[in-house]
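Structure at a glance
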Amino acid sequence: MSAIHKHGSEEQKTEWLPQMAAGEAIGCFGLTEPTAGSDPGAMTTYARRDGSGATADWVITGTKRWIGLANVAKVAVIWAMTDDGVRGFVVPTATPGYTATPIEPKLSMRASIQCEIELDEVRVPASAALDVIGLKGPFSCLNEARYGIIWGSMGAARDAFEDALAYSKERLQFGRPLAGYQLTQAKLVDMALEINKGFLLALQLGRLKDAGTLVHHQISVGKLNNCREAIEIAREARSILGGNGITLDYSPLRHANNLESVRTYEGTDEVHTLILGQKLTGEAAFR
Ligand SMILES: Cc1cc2nc3c(=O)[nH]c(=O)nc-3n(C[C@H](O)[C@H](O)[C@H](O)COP(=O)(O)OP(=O)(O)OC[C@H]3O[C@@H](n4cnc5c(N)ncnc54)[C@H](O)[C@@H]3O)c2cc1C
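Everything numeric in this text was worked out from a predicted model, so none of it was measured. (Residues numbered from 1 in each chain as written. Predicted model: local features only at pLDDT ≥ 70, side-chain atom pairs only at ≥ 80, totals over all residues.)

1. Details of the environment of Phe161
Looking at the secondary structure, you find Phe161 in helix 3 (residues 136-170). Through-space distance from the C-alpha of Phe161 to that of Arg287 is 39 Å; in sequence the pair is 126 residues apart. Ignoring any residue separated from it by four or fewer positions in sequence, one finds Phe161 in contact with Met191, Ala192, Ile195, Ile233 and Ala237. (Helix = DSSP H or I, 4+ residues; strand = E, 2+ residues; numbered from the N terminus. Contact = placed C-beta atoms within 7 Å.)

2. Things to note about the nonpolar core
Residues Ile60, Ala70, Ala76, Ile78, Phe89, Val90 and Val91 are the most contacted members of the largest nonpolar core, which totals 35 residues. For this core, the leading source of residues is strand 4 (residues 75-82), giving six residues. Not counting the four nearest positions on each side in its chain, Ala70 is found in contact with Cys28, Gly30, Ala76, Ala100, Cys115 and Ile117. (Core = buried A, V, L, I, M, F, W, Y, C linked by C-beta atoms within 7 Å. Buried ≥ 20, exposed ≤ 12 C-beta atoms within 10 Å, placed from the backbone.)

3. A word on helix 2 (residues 10-21)
Counted at 1.5 Å a residue, the expected span for helix 2 with its 12 residues is 16 Å, and the 16 Å between its end C-alpha atoms agrees. One or two residues past the end of helix 2 sits Gly23, with phi positive at roughly 80°. (Expected span 1.5 Å × (residues − 1).)

4. Focus on the site of the ligand
The environment of the ligand is formed by 18 residues, the closest being Leu31, Gly37, Ser38, Thr268 and Glu270. Among the elements of the structure, strand 1 (27-30), strand 3 (57-68), helix 6 (252-264) and helix 7 (269-281) are those that each provide at least two residues to the shell around the ligand. Residue contributions to the shell around the ligand peak at three residues, all from strand 3. Classifying every residue of the shell around the ligand gives eight nonpolar, nine polar and one charged. Three or more residues apiece are contributed to the shell around the ligand by two domains, here domain 1 (2-132) and domain 2 (138-281). (Near = placed C-beta within 6 Å. Nonpolar A, V, L, I, M, F, W, Y, C, P; charged D, E, K, R; others polar. Domains from an automatic or database assignment.)

5. Things to note about the pairing of strand 3
Bridging between strand 2 (residues 46-50) and strand 3 involves five bridges; their strand directions are antiparallel. The residue of strand 3 that forms the bridge with Tyr46 is Thr61. Linkage of strand 2 to strand 3, two consecutive antiparallel strands, is achieved through a turn of six residues, within which Gly51 is found at a positive phi near 115°. Two strands pair when backbone bridges link them, and strand 3 and strand 7 (residues 114-124) are joined in this way by nine bridges, in the antiparallel orientation. In the strand pairing of strand 7, Trp58 is matched with Val124. (Pairing = 2+ DSSP bridges.)

What follows is the structure, encoded as structure tokens:
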């Protein structure tokens, strides 16, 4: 939705946004490729114009990978290289040449679907193109998702912490609740400190977003920090649950496994570290 909302024509917005907002049409966002993940500028999916002039159709060919909900989506935003640079296209998934195949089995994000999309000469009209050229198109959408993750990762961390806290009060070993041991308290306190810091960071970034002054490296601070801390918190919470922590009766290990995906998508730890390294030093360690 954010790609169409930010870069779509009035016609595209009217056609897609109301039904997507109502949950009647699911969308998907196709940027990553089998050989272009952290480096989407290396994408090989290509859109050529069939004919000349502004009304010529676009014909898209290539492969996308890890695309959430692509096999149940009614519409896909597909990012493809063109002679002018990267462009986005609003592609109804019923268009001939579009095939989405779920990637299975997975050990993380098992409740959602990620797909490989084959685009075999997918023909769309000139009006399917979004009104943006270059990687700033997809990146502007990633910034929205990354901001959401800053909050969501801390939500998972808080749930893991609450499970561990409750368990530690009930579980007796050596005749006392685990919560009564200083080692357990140190774990819980460290977790609570990072959760509170993570939420305060998210709150401050939200305030900057509301004020319209949030910039992309600040989002990297939040995404990098909160995902990294949330995984540590979920793992530490699991340790308090002992053997019971590896069952599905408790949430921490499920959160930790899912957070492995969250740590990877929307820019890996390393990518956000490089963005911040560039901000600090003025030197880009990547292209
Ligand atoms: C559950 C899930 C859902 C996803 N949903 C979508 C989606 O809906 N749409 C979409 O377009 N994509 C989606 N993705 C793809 C996701 O954005 C990519 O997985 C991510 O960008 C990383 O790309 P990659 O997996 O190809 O890893 P790679 O880019 O191959 O990276 C592998 C490792 O190398 C590191 N690395 C890469 N470059 C450097 C460097 N310069 N220096 C140091 N280390 C480096 C990375 O940080 C990582 O640790 C999803 C992924 C997952 C797991």
